[in-house]
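Here are the chains, one letter per residue:
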Amino acid sequence: MDTHLNRVEEIKIEQGVKKSRTPARLDYAQSATGLFLALFMWAHMMLVSSILLGEEMMYKVTKLLEGEPILGESYPILVTLTAIFIFTIFITHAAIAIRKFPGSWKEYRLYRAHMKRMKHGDTNLWFYQVMTGFVMFFLGSVHLFIIMTNPADIGPYASADRIVSEWMWPVYILLLLAVEFHGSIGLYRLAVKWGWFEGKDAKKSRKKLKMYKWFITFFFLTLGFLSLAAYIKIGLAQIDADKVGSRYIPQSSIEKGVH
Ligand code: HEM
(Lines give C-alpha, C1' and ligand atoms only; values in the text may rest on other atoms or scores of the structure.)
Protein backbone atom coordinates (compact mmCIF):
# COMPACT_ATOMS: atom_id res chain seq x y z
CA MET A 1 0.00 0.00 0.00
CA ASP A 2 2.77 2.39 1.01
CA THR A 3 4.79 1.68 -2.11
CA HIS A 4 1.65 2.25 -4.18
CA LEU A 5 1.09 5.63 -2.52
CA ASN A 6 4.74 6.54 -3.02
CA ARG A 7 4.45 5.67 -6.70
CA VAL A 8 1.33 7.88 -6.98
CA GLU A 9 3.26 10.73 -5.36
CA GLU A 10 6.18 10.14 -7.73
CA ILE A 11 3.89 10.24 -10.75
CA LYS A 12 2.29 13.45 -9.46
CA ILE A 13 5.71 15.05 -8.99
CA GLU A 14 6.80 13.88 -12.45
CA GLN A 15 3.68 15.46 -13.92
CA GLY A 16 4.29 18.66 -12.00
CA VAL A 17 1.17 18.18 -9.82
CA LYS A 18 2.99 18.82 -6.58
CA LYS A 19 0.92 19.08 -3.41
CA SER A 20 0.90 22.75 -2.49
CA ARG A 21 1.43 23.79 1.10
CA THR A 22 0.23 27.32 0.41
CA PRO A 23 -3.44 26.83 1.50
CA ALA A 24 -2.31 25.46 4.88
CA ARG A 25 0.14 28.34 5.31
CA LEU A 26 -2.54 30.88 4.40
CA ASP A 27 -4.94 29.26 6.87
CA TYR A 28 -2.32 29.53 9.57
CA ALA A 29 -1.54 33.15 8.72
CA GLN A 30 -5.24 34.00 8.81
CA SER A 31 -5.63 32.45 12.26
CA ALA A 32 -2.51 34.19 13.61
CA THR A 33 -3.42 37.66 12.29
CA GLY A 34 -7.04 37.18 13.45
CA LEU A 35 -5.96 36.20 16.95
CA PHE A 36 -3.63 39.20 17.14
CA LEU A 37 -6.34 41.63 15.95
CA ALA A 38 -8.95 40.21 18.36
CA LEU A 39 -6.59 40.60 21.33
CA PHE A 40 -5.61 44.08 20.13
CA MET A 41 -9.32 45.03 20.05
CA TRP A 42 -9.77 43.90 23.67
CA ALA A 43 -6.93 46.23 24.70
CA HIS A 44 -8.24 49.00 22.39
CA MET A 45 -11.76 48.87 23.89
CA MET A 46 -10.35 49.00 27.44
CA LEU A 47 -8.27 52.08 26.55
CA VAL A 48 -11.13 53.87 24.75
CA SER A 49 -13.46 53.13 27.69
CA SER A 50 -11.14 55.01 30.07
CA ILE A 51 -13.53 57.92 29.39
CA LEU A 52 -16.00 56.14 31.71
CA LEU A 53 -13.54 56.83 34.55
CA GLY A 54 -13.50 60.54 33.70
CA GLU A 55 -11.95 63.01 31.28
CA GLU A 56 -8.69 63.20 33.28
CA MET A 57 -8.23 59.41 33.08
CA MET A 58 -8.78 59.35 29.31
CA TYR A 59 -6.32 62.24 28.95
CA LYS A 60 -3.70 60.30 30.96
CA VAL A 61 -4.18 57.19 28.80
CA THR A 62 -3.72 59.32 25.65
CA LYS A 63 -0.48 60.80 26.99
CA LEU A 64 0.73 57.33 27.99
CA LEU A 65 0.23 56.11 24.41
CA GLU A 66 2.13 59.16 23.14
CA GLY A 67 5.04 58.06 25.34
CA GLU A 68 5.04 61.12 27.64
CA PRO A 69 5.63 59.36 31.00
CA ILE A 70 8.69 57.55 29.60
CA LEU A 71 10.11 60.03 27.06
CA GLY A 72 9.25 63.19 29.02
CA GLU A 73 7.44 64.69 26.03
CA SER A 74 4.46 63.72 23.85
CA TYR A 75 5.21 62.04 20.51
CA PRO A 76 1.93 61.59 18.56
CA ILE A 77 4.02 59.98 15.79
CA LEU A 78 3.99 56.86 18.03
CA VAL A 79 0.20 56.66 17.49
CA THR A 80 0.71 56.98 13.71
CA LEU A 81 3.34 54.21 13.72
CA THR A 82 1.09 51.91 15.79
CA ALA A 83 -1.86 52.62 13.48
CA ILE A 84 0.31 51.84 10.38
CA PHE A 85 1.37 48.55 11.99
CA ILE A 86 -2.25 47.61 12.87
CA PHE A 87 -3.43 48.70 9.40
CA THR A 88 -0.85 46.38 7.78
CA ILE A 89 -2.04 43.38 9.80
CA PHE A 90 -5.69 44.37 9.20
CA ILE A 91 -5.15 44.48 5.41
CA THR A 92 -3.18 41.20 5.43
CA HIS A 93 -5.96 39.48 7.40
CA ALA A 94 -8.62 40.79 4.99
CA ALA A 95 -6.57 39.93 1.88
CA ILE A 96 -6.19 36.31 3.01
CA ALA A 97 -9.89 36.12 3.90
CA ILE A 98 -11.12 37.32 0.49
CA ARG A 99 -10.35 33.90 -1.07
CA LYS A 100 -13.21 32.44 1.01
CA PHE A 101 -15.85 35.01 0.04
CA PRO A 102 -18.66 33.87 -2.26
CA GLY A 103 -17.31 34.69 -5.74
CA SER A 104 -20.58 35.52 -7.47
CA TRP A 105 -24.28 36.16 -6.86
CA LYS A 106 -24.96 32.54 -7.92
CA GLU A 107 -22.48 31.20 -5.39
CA TYR A 108 -24.00 33.45 -2.72
CA ARG A 109 -27.56 32.16 -3.47
CA LEU A 110 -26.30 28.57 -3.34
CA TYR A 111 -24.66 29.22 -0.01
CA ARG A 112 -27.83 30.80 1.46
CA ALA A 113 -29.90 27.81 0.31
CA HIS A 114 -27.36 25.45 1.86
CA MET A 115 -27.54 27.41 5.12
CA LYS A 116 -31.34 27.14 5.24
CA ARG A 117 -31.23 23.40 4.57
CA MET A 118 -28.48 22.67 7.07
CA LYS A 119 -29.77 24.82 9.95
CA HIS A 120 -26.29 24.34 11.44
CA GLY A 121 -25.30 27.10 13.83
CA ASP A 122 -21.57 26.96 13.11
CA THR A 123 -22.12 27.13 9.34
CA ASN A 124 -24.17 30.30 9.82
CA LEU A 125 -21.38 31.79 11.93
CA TRP A 126 -19.05 31.63 8.94
CA PHE A 127 -21.57 33.68 6.96
CA TYR A 128 -21.79 36.35 9.68
CA GLN A 129 -17.97 36.50 9.63
CA VAL A 130 -18.01 37.28 5.90
CA MET A 131 -20.71 39.97 6.30
CA THR A 132 -19.20 41.73 9.34
CA GLY A 133 -15.75 41.44 7.76
CA PHE A 134 -17.03 43.23 4.66
CA VAL A 135 -18.42 46.11 6.80
CA MET A 136 -15.18 46.34 8.79
CA PHE A 137 -13.06 46.47 5.67
CA PHE A 138 -14.58 49.85 4.77
CA LEU A 139 -15.39 51.43 8.12
CA GLY A 140 -12.25 50.15 9.87
CA SER A 141 -10.13 51.62 7.05
CA VAL A 142 -11.82 55.03 7.39
CA HIS A 143 -11.22 55.03 11.17
CA LEU A 144 -7.61 53.86 10.94
CA PHE A 145 -6.78 56.43 8.26
CA ILE A 146 -8.27 59.30 10.30
CA ILE A 147 -6.39 58.21 13.44
CA MET A 148 -3.18 57.70 11.47
CA THR A 149 -3.27 61.19 9.96
CA ASN A 150 -4.56 63.03 13.08
CA PRO A 151 -2.58 61.37 15.88
CA ALA A 152 -2.46 64.50 18.05
CA ASP A 153 -6.26 64.87 17.98
CA ILE A 154 -7.05 62.14 20.48
CA GLY A 155 -8.31 63.13 23.91
CA PRO A 156 -11.49 63.68 25.92
CA TYR A 157 -12.54 66.79 23.95
CA ALA A 158 -10.84 66.07 20.60
CA SER A 159 -12.33 62.56 20.39
CA ALA A 160 -15.76 63.78 21.53
CA ASP A 161 -15.70 66.51 18.85
CA ARG A 162 -14.76 63.97 16.19
CA ILE A 163 -17.62 61.70 17.26
CA VAL A 164 -20.32 64.39 17.46
CA SER A 165 -19.31 67.47 15.44
CA GLU A 166 -17.38 65.56 12.79
CA TRP A 167 -20.14 62.95 12.46
CA MET A 168 -18.15 59.83 13.29
CA TRP A 169 -20.87 58.43 15.58
CA PRO A 170 -22.81 56.53 12.86
CA VAL A 171 -19.51 55.00 11.66
CA TYR A 172 -18.60 53.95 15.20
CA ILE A 173 -22.03 52.42 15.93
CA LEU A 174 -21.83 50.21 12.82
CA LEU A 175 -18.11 49.48 13.27
CA LEU A 176 -18.61 48.58 16.94
CA LEU A 177 -21.39 46.10 16.11
CA ALA A 178 -19.38 44.56 13.27
CA VAL A 179 -16.11 44.33 15.18
CA GLU A 180 -17.56 42.84 18.37
CA PHE A 181 -19.53 40.11 16.59
CA HIS A 182 -16.65 39.43 14.18
CA GLY A 183 -14.04 39.28 16.94
CA SER A 184 -15.86 36.97 19.32
CA ILE A 185 -17.16 34.67 16.56
CA GLY A 186 -13.60 34.60 15.17
CA LEU A 187 -12.11 33.61 18.52
CA TYR A 188 -14.76 30.90 18.96
CA ARG A 189 -14.05 29.48 15.49
CA LEU A 190 -10.31 29.55 16.18
CA ALA A 191 -10.80 27.63 19.43
CA VAL A 192 -12.92 24.99 17.65
CA LYS A 193 -10.60 24.77 14.63
CA TRP A 194 -7.37 24.29 16.56
CA GLY A 195 -8.99 22.28 19.39
CA TRP A 196 -8.16 24.75 22.17
CA PHE A 197 -9.92 23.98 25.49
CA GLU A 198 -11.42 20.84 23.91
CA GLY A 199 -11.11 18.60 26.99
CA LYS A 200 -12.55 15.08 26.96
CA ASP A 201 -16.06 15.86 25.76
CA ALA A 202 -15.82 17.97 22.56
CA LYS A 203 -19.59 18.55 22.39
CA LYS A 204 -19.76 19.82 25.95
CA SER A 205 -16.75 22.09 25.57
CA ARG A 206 -18.17 23.55 22.34
CA LYS A 207 -21.34 24.46 24.21
CA LYS A 208 -19.22 26.14 26.89
CA LEU A 209 -17.18 28.01 24.29
CA LYS A 210 -20.41 29.30 22.74
CA MET A 211 -21.47 30.63 26.11
CA TYR A 212 -18.13 32.44 26.52
CA LYS A 213 -18.53 33.83 23.00
CA TRP A 214 -21.89 35.38 23.89
CA PHE A 215 -20.51 36.74 27.14
CA ILE A 216 -17.55 38.41 25.37
CA THR A 217 -19.83 39.93 22.72
CA PHE A 218 -22.22 41.26 25.35
CA PHE A 219 -19.42 42.62 27.56
CA PHE A 220 -17.58 44.53 24.82
CA LEU A 221 -20.77 45.81 23.18
CA THR A 222 -21.96 47.18 26.54
CA LEU A 223 -18.54 48.73 27.22
CA GLY A 224 -18.41 50.19 23.70
CA PHE A 225 -21.89 51.71 23.74
CA LEU A 226 -21.42 53.16 27.22
CA SER A 227 -18.13 54.75 26.12
CA LEU A 228 -19.72 56.08 22.93
CA ALA A 229 -22.55 57.60 25.02
CA ALA A 230 -19.98 59.28 27.30
CA TYR A 231 -18.13 60.81 24.31
CA ILE A 232 -21.43 61.94 22.76
CA LYS A 233 -22.44 63.65 26.02
CA ILE A 234 -19.13 65.56 26.09
CA GLY A 235 -19.38 66.37 22.37
CA LEU A 236 -22.89 67.83 22.82
CA ALA A 237 -21.73 69.87 25.83
CA GLN A 238 -18.88 71.24 23.68
CA ILE A 239 -21.45 72.45 21.11
CA ASP A 240 -23.67 73.95 23.84
CA ALA A 241 -20.73 75.85 25.35
CA ASP A 242 -19.58 76.94 21.86
CA LYS A 243 -16.25 75.24 22.56
CA VAL A 244 -15.94 72.83 19.64
CA GLY A 245 -12.24 72.50 18.74
CA SER A 246 -11.00 73.39 22.25
CA ARG A 247 -8.64 70.96 23.97
CA TYR A 248 -8.85 69.41 27.42
CA ILE A 249 -6.64 71.08 30.03
CA PRO A 250 -5.30 68.52 32.49
CA GLN A 251 -5.65 68.93 36.24
CA SER A 252 -1.86 69.18 36.69
CA SER A 253 -1.65 72.22 34.35
CA ILE A 254 -4.57 73.93 36.12
CA GLU A 255 -2.85 73.43 39.49
CA LYS A 256 0.41 74.88 38.12
CA GLY A 257 -1.53 77.64 36.37
CA VAL A 258 0.01 76.64 33.00
CA HIS A 259 -2.74 76.83 30.42
C1 HEM B 1 -3.62 51.76 16.34
C2 HEM B 1 -4.86 51.58 15.95
C3 HEM B 1 -6.05 52.30 16.55
C4 HEM B 1 -6.09 53.44 17.31
C5 HEM B 1 -4.92 54.30 17.79
C6 HEM B 1 -7.50 53.68 17.63
C7 HEM B 1 -7.95 54.72 18.40
C8 HEM B 1 -9.26 54.98 18.73
C9 HEM B 1 -9.75 56.10 19.50
C10 HEM B 1 -8.86 57.18 20.08
C11 HEM B 1 -11.09 55.99 19.61
C12 HEM B 1 -12.03 56.96 20.35
C13 HEM B 1 -12.83 57.80 19.39
C14 HEM B 1 -11.96 58.78 18.57
O15 HEM B 1 -11.04 59.41 19.09
O16 HEM B 1 -12.26 58.91 17.38
C17 HEM B 1 -11.48 54.78 18.90
C18 HEM B 1 -12.75 54.28 18.82
C19 HEM B 1 -13.11 53.15 18.16
N20 HEM B 1 -12.29 52.33 17.41
FE21 HEM B 1 -10.28 52.50 17.22
N22 HEM B 1 -8.26 52.70 17.06
C23 HEM B 1 -7.41 51.85 16.39
C24 HEM B 1 -7.77 50.72 15.67
C25 HEM B 1 -9.07 50.26 15.52
C26 HEM B 1 -9.44 49.11 14.74
C27 HEM B 1 -8.48 48.22 13.96
C28 HEM B 1 -10.80 49.00 14.86
C29 HEM B 1 -11.71 47.98 14.26
C30 HEM B 1 -11.60 47.60 13.01
C31 HEM B 1 -11.27 50.07 15.72
C32 HEM B 1 -12.59 50.28 16.10
C33 HEM B 1 -13.04 51.30 16.90
C34 HEM B 1 -14.41 51.47 17.34
C35 HEM B 1 -15.57 50.53 17.01
C36 HEM B 1 -14.47 52.62 18.12
C37 HEM B 1 -15.69 53.18 18.86
C38 HEM B 1 -15.54 52.73 20.28
C39 HEM B 1 -16.79 52.84 21.12
O40 HEM B 1 -17.88 52.70 20.60
O41 HEM B 1 -16.64 53.02 22.33
N42 HEM B 1 -10.19 50.81 16.11
N43 HEM B 1 -10.35 54.18 18.36
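Residues numbered from 1 in each chain as written. Predicted model: local features only at pLDDT ≥ 70, side-chain atom pairs only at ≥ 80, totals over all residues. Heavy atoms only, no water.

## Concerning the coordination of the iron atom of the ligand
Right, on to step 1. At 2.0 to 2.1 Å from the iron atom of the ligand lie its protein donor atoms, namely H44 (NE2) and H143 (NE2).
Right, on to step 2. Metal-centred angles of 86 to 179° between the six donor atoms at the iron atom of the ligand mark the site as octahedral. Separated by 99 residues along the polypeptide, H44 in helix α2 (residues 22–48) and H143 in helix α7 (residues 121–149) bring together distant segments of the chain.
Right, on to step 3. On the basis of relative accessibility, which here comes to 22%, the residue H44 falls in the partly exposed class.
Right, on to step 4. The exposure class assigned to H143 is buried, which follows from its relative accessible area of 15%. (Donors = N, O, S within 2.8 Å, 3.2 Å for Na, K, Ca; no water. Tetrahedral: all angles 85-135°; square planar, octahedral: opposite > 155°, others 65-115°. Helix = DSSP H or I, 4+ residues; strand = E, 2+ residues; numbered from the N terminus. Buried < 20%, exposed > 50% of the residue type's maximum accessible area, 1.4 Å probe, protein only.)

## Points about the packing of aromatic side chains
Right, on to step 1. On inspection of all chains with the given rule, the structure shows 15 aromatic pairs.
Right, on to step 2. Where F87 meets F90, the ring centres are 6.2 Å apart and the plane angle is 50°; that geometry is what we call tilted. Taken together, the residues F87 and F90, both in helix α5 (residues 77–97) and three residues apart, mark about one turn of the helix. We note that F87, like F90, is buried.
Right, on to step 3. Put simply, the rings of W105, Y108, Y111, W126 and F127 pair up and form one aromatic cluster.
Right, on to step 4. Just above the ring of W214 sits the side chain of K213; from NZ or CZ to the centre is 4.3 Å. (Phe/Tyr/Trp six-rings, centres within 6.5 Å; stacked < 30°, edge-to-face > 60°. Lys NZ or Arg CZ within 6 Å of the ring centre and 35° of its normal.)

## Topic: the environment of K243
Right, on to step 1. Here K243 shows up in the loop between α10 (202–240) and α11 (251–256).
Right, on to step 2. Taking C-alpha positions, K243 is 9.5 Å from D161, a pair spaced 82 residues apart along the chain.

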